[in-house]
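Below, each chain spelled out in residue letters.
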Amino acid sequence: MRQTYQTASIFLSATMLVVTACASSQGRAQIARPATEPSASTIQALYESGEDREIVDRIKNGVPNAPTGEDRWFATQSQLRLGLRNDAINDLAALSRTGDPAVQVAAQLAIGRLTNNEVMLDQARTAAAAYPESLFVQYELGLSYAVRSDFASAARIFDACIATAPTFAYAYYQSALAYQHLDRPDVMANRFDRFVRLAPNAPERPEVESVLRTIAGRQ
């Protein structure tokens, strides 16, 4: 089983969730300050389809030519899903020293979370304040709150990502997990429904759909 909040994608089973209500229009929480939506990329589409090995190979071989920092970040998330934790941390370390400053901070947040380095995580969270419009910084910031069980802050940040990055499927996924812990099954179901619509080939889809069927059966 994948470790909770160790990657952008977390293994889910229906028995992990407390579900007592169905999704409704009331499931939309107040949205915080928005993040900037990244431009659509082939790498992102592959990630949301679970094509992790292809992503890692493409970035390793420089396909597309001169991959962006965002593409390289997705590659580290794929490495984590493939169980290549050390490779992911090494590549995040390289990413934290080069390229887009916002992506550097996102990488630092990820390293602090993955290595349980509280000092590094606190420093990166402080640095994240300078990038309120970076989706990748804010997404990693949300994960950093979740790993500390501050699910209210995590939900707020993931909803901010949703507000201006409405096609970024995993923002909905992580938002749903945060609302699970806040005992808001209505919002959780709303977010999971959007996730499976945006990423129909995502590896988490079977577990998510199982949860949605459980909720529907309780109506």
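Residues numbered from 1 in each chain as written. Predicted model: local features only at pLDDT ≥ 70, side-chain atom pairs only at ≥ 80, totals over all residues. Heavy atoms only, no water.

1. Comments concerning the packing of helix α9 (residues 169–181) against helix α10 (residues 185–198)
Link 1 in the chain: Axis separation between α9 and α10 bottoms out at 8 Å; the angle between their running directions is 160 degrees. Relative to α10, the element α9 lies roughly antiparallel. When you trace α9 past α10, the crossing you get is left-handed. Together, Ala169, Tyr170, Tyr172, Tyr173, Ser175, Ala176, Leu177, Tyr179 and Gln180 of α9 and Val187, Met188, Arg191, Phe192, Arg194, Phe195 and Leu198 of α10 make up the contact between the two elements.
Link 2 in the chain: Within the contact of α9 with α10, the residues separate by chemical class into twelve nonpolar, two polar and two charged. (Axes fitted to C-alpha atoms, helices over the stretch in contact; angles between N-to-C directions. Helix = DSSP H or I, 4+ residues; strand = E, 2+ residues; numbered from the N terminus. Parallel < 35°, antiparallel > 145°, perpendicular 65-115°, else oblique. Left-handed = near helix turned anticlockwise from the far one by under 90°. Contact = heavy atoms within 4.5 Å. Nonpolar A, V, L, I, M, F, W, Y, C, P; charged D, E, K, R; others polar.)

2. A few points about the pattern of salt bridges
Link 1 in the chain: The final tally for this structure, using the stated rule, is ten salt bridges.
Link 2 in the chain: Among the salt bridges present, the one from Glu54 reaches Arg58, with a minimum N-O distance of 3.0 Å. Of this pair, Glu54 and Arg58 both sit in helix α2 (residues 52–60), four residues apart, which is roughly one turn of that helix.
Link 3 in the chain: Using a relative accessible area of 32% as the deciding quantity, one classes Glu54 as partly exposed.
Link 4 in the chain: In this structure Arg58 comes out as partly exposed when scored by relative accessible area, which is 24%.
Link 5 in the chain: Arg184 is the salt-bridge partner of Asp186, the closest N and O atoms lying 3.0 Å from each other.
Link 6 in the chain: Given the relative accessible area of 12%, Asp186 is considered buried.
Link 7 in the chain: Take Arg184: its relative accessible area is 32%, and that puts it in the partly exposed class. (Salt bridge = Lys/Arg side-chain N within 4 Å of Asp/Glu carboxyl O. Buried < 20%, exposed > 50% of the residue type's maximum accessible area, 1.4 Å probe, protein only.)

3. Section: the packing of aromatic side chains
Link 1 in the chain: Evaluated as defined, the whole model comprises 13 aromatic pairs.
Link 2 in the chain: A ring pair is formed by Tyr170 and Tyr173, whose centres lie 5.9 Å apart and whose planes are at 70 degrees; its orientation type is edge-to-face. You can see Tyr170 and its partner Tyr173 sitting in helix α9, three residues apart, about one turn around the helix. This pair shows no difference in class: Tyr170 is buried, exactly as Tyr173 is.
Link 3 in the chain: Cluster of aromatic residues (ring-pair linked, three or more members): Tyr47, Trp73, Phe74, Phe136, Tyr139, Phe158, Phe168, Tyr170, Tyr173, Phe192 and Phe195. (Phe/Tyr/Trp six-rings, centres within 6.5 Å; stacked < 30°, edge-to-face > 60°.)

4. A closer look at helix α4 (residues 85–95)
Link 1 in the chain: All buried positions along α4 are accounted for by Ala88, Ile89, Leu92 and Leu95. Here the buried residues of α4 occupy an arc of 120 degrees about the axis, which is enough to place them on one side. Summarising the geometry of α4, the exposed residues directed more than 90 degrees from the buried face are Asn86 and Asn90.
Link 2 in the chain: At its buried positions, α4 is contacted by α3 (69–81) and α5 (101–114). (Arc of directions from axis to C-beta.)

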